[in-house]
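Residue strings, one per chain:
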Amino acid sequence: HDLLDTKLEVSFNWDSAWVYGKATLKFKPWFYESDTLRLDAKGFTVKKVALVNAGQLNDLQYRYDHSTLHI
């Protein structure tokens, strides 16, 4: 996949050394369409993965093994 754009919305809790946030990623396939995506995401807490289509959020199934996010 080709990463076209990344938008990060973050806030910090300095006392607990945590970063809270939301990432919006825009991708396109290199050559052929794909129905899966794998992202490095070591040490994250993932609460939701969704596809934004015409302003609507469509929840996606995902698996997270504390190292890699499989969508």
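About the cut-offs
- Residues numbered from 1 in each chain as written.
- Predicted model: local features only at pLDDT ≥ 70, side-chain atom pairs only at ≥ 80, totals over all residues.
- Heavy atoms only, no water.
- Helix = DSSP H or I, 4+ residues; strand = E, 2+ residues; numbered from the N terminus.
- Contact = heavy atoms within 4.5 Å.
- Pairing = 2+ DSSP bridges.
- Phe/Tyr/Trp six-rings, centres within 6.5 Å; stacked < 30°, edge-to-face > 60°.

Turning our eyes to something else, we now look at the side chain of Thr-68. Examined against the element boundaries, Thr-68 turns out to sit in strand E7 (residues 68-70). In this structure Thr-68 touches Arg-38, Leu-39, Asp-40, Ala-41 and Arg-63, once residues within four positions along its chain are discounted.

Moving on, we get to the sheet that holds E7. By way of backbone hydrogen bonds, the strands of a sheet pair with one another, either parallel or antiparallel. A sheet is described by the order of its strands in space; here 3 strands give the open sequence E3-E7-E6, paired in antiparallel fashion. The sheet is open, and its two edges are formed by strand E3 (38-40) and strand E6 (63-64), each paired on a single side. In this sheet, E7 lies alongside E6 in antiparallel orientation, the contact comprising 2 bridges. Bridge pairing in E7 links Tyr-64 to Leu-69.

Attention now moves to the packing of aromatic side chains. This model, assessed by the stated rule, comprises 2 aromatic pairs. When the centroid spacing of 5.1 Å and the interplanar angle of 15 degrees are considered together, the rings of Phe-12 and Trp-14 count as stacked. Between Trp-18 and Tyr-20 the ring centres are 6.4 Å apart and the planes differ by 20 degrees, which places this aromatic pair in the stacked class.

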